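A closer look at the structure
Single-letter residue listing:
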Amino acid sequence: MGHQHETGSGTLTTLVAGAVIGAAGLAWWLLNEADRRSRITRQRSMLHAPRMQDGSEVLEPGENGLLEQRVEKLNAEIARVRAQLERLGSED
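Everything quoted here is computed from the prediction, not taken from an experiment. In every chain, residue numbers begin from 1 and rise along the written sequence. In view of the model being predicted, local features appear only for residues whose pLDDT reaches at least 70, and side-chain atom pairs are presented and counted only at 80 or more, with totals across whole chains, interfaces and linings using the full set of residues. Calculation of side-chain values draws on the structure's entire complement of heavy atoms; hydrogens and water are dropped beforehand.

Helix and strand counts for the protein chain come out as two helices and zero strands. Only protein chains enter the area calculation, which uses a 1.4 Å probe; residues under 20% of their type maximum are buried, those over 50% are exposed, and those in between are partly exposed. Put simply, the protein chain has 92 residues, and 1% of those count as buried. Accessible surface for the protein chain amounts to roughly 8800 Å². Of this, 61% is attributable to carbon and sulfur atoms. Helix and strand definitions here come from DSSP, where helices need a minimum of 4 consecutive H or I residues and strands a minimum of 2 consecutive E residues; each element is numbered from the N-terminal end. To measure how exposed things are, a 1.4 Å probe is used in the Shrake-Rupley method; for residues, cover is taken only from the protein chains shown.

Next comes the structure, spelled out in structure tokens:
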């Protein structure tokens, strides 16, 4: 009877160890799959992301005039703010 108890205990230990190893393997596989899917999603989003505006993008023919107008307007606003700051500095 003592022999049966030891065999049952060994079988239970083997079963628990197998379950723990199986759970660890499943967790590792799930983490790898999540990481792989995340990488694939990031790569796909980079393919579809708009290009950064570093000046290398191609402008449409009609956009050059609009861009120049915007630059002129920004430069005028910068000059206006600079003049205000100079006036404020000279008042002190």
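Here the focus is a nonpolar patch on the surface. Taken together, the side chains of Leu12, Leu15, Val16 and Val20 make up a nonpolar region of the molecular surface, amounting to roughly 400 Å² of accessible area. Here Leu15 shows up in helix 1 (residues 2–48). Without a salt bridge and with relative accessible area above 30%, a residue can belong to a patch; like charges are then joined within 9 Å and nonpolar side chains (Val, Leu, Ile, Met, Phe, Trp, Tyr) within 5 Å. By convention in these notes, a salt bridge is any Lys or Arg side-chain nitrogen within 4 Å of a carboxyl oxygen on Asp or Glu.

Within this structure, the stated rule accounts for four salt bridges. Taking the shortest distance from any N to any O, the salt bridge between Arg36 and Glu33 comes out at 3.0 Å. With Arg36 and Glu33 both in helix 1, this residue pair falls three residues apart, about one helical turn. On the basis of relative accessibility, which here comes to 18%, the residue Glu33 falls in the buried class. Between Arg37 and Glu33 there is a salt bridge, with the nearest N and O atoms lying 4.0 Å from each other. Taken together, the residues span about one helical turn, with Arg37 and Glu33 both in helix 1 at a distance of four residues. For Arg37, a relative accessible area of 54% gives the class exposed. Overlapping salt bridges bring together Glu33, Arg36 and Arg37 as one network.

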